[in-house]
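# Observations on the three-dimensional arrangement
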Amino acid sequence: MLSLLRPLLAVYLYLLLPGAQGRFPGYSNGFHYQDISNGNGNGNGEIYFNGIRLHVESPQSSVSATRGSSVTLPCHYHYEPELTTPRRTRVKWSWLPANTVTAPASPEALARETEVMVAMGNRHRSYGSFRGRVRLRRSAPGDMSLVINELQLNDTGRYRCEVIDGLEDESVTVELELRGVVFPYYSQKGRYHFNFFGAQQACQDQDATLATFEQLFAAWEEGLDWCNAGWLADGTVQYPITAPRDGCGGVNLAPGLRSYGQRHRLLHSYDAFCFSASVKGTVYFLMHPTRLNFTEAVQACASDGSQIAKVGQLYAAWRLTGLDRCDAGWLDDGSVRYPITKARANCGPPEPGVRSFGFPPLYLKFGVYCYRLMF
């Protein structure tokens, strides 16, 4: 046995000799490495490429799209100087959701990125809710841009394109935003009845999601002013004020987002700020010969080949398609509202917006807004 080990032991001792690595024939992957033992490292025990560097870039740091559409997140890589022969690289796209917090968790857990797609050569695999909806564009050498089809409300967030080639590992991030509208939402029971998970569900029931801080901030910049605090997707509670006043932080506090910070997601109750993007159908006011109670309104939409519209759908139609109707109508949650894009007499306040009658008794008579899905 010892005689069998002697050749291996001799090779091992040979490799330990100064400069032996340079004289020993080994595997070559096309790159030239500096020899740390000869002082060509960076002092931290790291090996780097000799004159060849991998670059991963994106011409856009953020991309905006509409719900239900397709979007391309740009990512390109190249070498400096250019290589004479192509190399096999591994590409990984990962995702940090902007508005998905499903349970109390540590900041480290919330910051964990999840895999979207991994590709090497012509082989690729997609994961989770992205399975079957994503592909690499590959329009030119080095193009690893991610194409996402059938965009969903929860697809927003930060995407990372990572290119791996041996010891080289470079990445770039692209933010994906959906064009949409933020709206405050409260329970039929009144003000401050949602814990965090109730707020999540309430928004989902109205074809929306909990808004992110960035979405609420953008809405505030566009003029949203609401003096009731609501949950956001990150578990904080905030509210936007454009006109400082007593009861809303005070007259001496500058306009902005008022924040209660992180609150207990089970024990504390507030309203919600929801975010809705474009819908794949049409929201319309049903022309009916008579006014309807809530039950009759639901049936009238069904008889017209539609369904009663949700609050998020009405807001999206108002903001994104310009729906303007000075007629109050029932919605799916039992509320009565109407959308105004051109303010005028007898149609509410002098600013555009969705007017609300709250949650009147279900036997009262109003019109109805219906939603018809387009295929």
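Residues numbered from 1 in each chain as written. Predicted model: local features only at pLDDT ≥ 70, side-chain atom pairs only at ≥ 80, totals over all residues. Heavy atoms only, no water.

Per an unreviewed UniProt entry, the protein chain goes by Hyaluronan and proteoglycan link protein 3 and derives from Lates japonicus. In the Subcellular location (unreviewed entry) part of its UniProt record, the protein chain is described as follows: "Secreted, Extracellular space, Extracellular matrix". Looking at the Sequence similarities (unreviewed entry) heading of the UniProt record, one finds this comment for the protein chain: "Belongs to the HAPLN family." (UniProt positions renumbered as here; feature names shortened; annotations may be inferred.)

### Examining the overall build of the protein chain
When you go through the protein chain residue by residue, the secondary structure sums to seven helices and 23 strands. Buried residues in the protein chain amount to 42% of all 375 residues. Taking the intrachain contacts of the protein chain between residues at least 6 apart in sequence as the baseline, contacts between residues at least 24 apart amount to 61%. (Helix = DSSP H or I, 4+ residues; strand = E, 2+ residues; numbered from the N terminus. Buried < 20%, exposed > 50% of the residue type's maximum accessible area, 1.4 Å probe, protein only. Contact = heavy atoms within 4.5 Å.)

### Considerations on the nonpolar core
Among the nonpolar cores identified, the biggest contains 94 residues, and Leu 73, Trp 93, Val 116, Leu 146, Ile 148, Tyr 159 and Val 368 are the most heavily contacted of them. Beyond its immediate sequence surroundings of up to four residues, Tyr 159 is in contact with Leu 73, Trp 93, Ser 94, Trp 95, Val 116, Phe 130, Leu 146, Ile 148, Val 172, Thr 173, Val 174 and Leu 176. (Core = buried A, V, L, I, M, F, W, Y, C linked by side-chain atoms within 4.5 Å.)

### Here's the deal with the environment of Val 181
Inspection of the secondary structure assignment puts Val 181 in strand E12 (residues 180-185). Val 181 sits in the buried class, given a relative accessible area of 3%. Here the alpha-carbon distance between Val 181 and Ala 316, two residues 135 residues apart in the chain, equals 6.3 Å. For Val 181, the residues in contact, after removing those within four places along its chain, are Cys 274, Phe 275, Ser 276, Tyr 315, Ala 316, Trp 318 and Arg 319.

### Some points on the packing of aromatic side chains
The final tally for this structure, using the stated rule, is 21 aromatic pairs. Taken together, a centroid distance of 6.0 Å and an interplanar angle of 75 degrees make the contact between Phe 357 and Phe 366 edge-to-face. Among the residues examined, Phe 357 registers a relative accessible area of 45% and is labelled partly exposed. In textbook terms, an aromatic cluster arises when at least three aromatic residues are bridged by ring pairs, as seen for Tyr 192, Phe 196, Phe 197, Trp 231, Tyr 239, Tyr 260 and Tyr 270. The ring of Tyr 192 carries the charged tip of Arg 191 above its face, separated from the ring centre by 4.0 Å. In this arrangement the basic side chain of Arg 265 is found over the ring face of Phe 196, its NZ or CZ atom lying 5.3 Å from the centre. (Phe/Tyr/Trp six-rings, centres within 6.5 Å; stacked < 30°, edge-to-face > 60°. Lys NZ or Arg CZ within 6 Å of the ring centre and 35° of its normal.)

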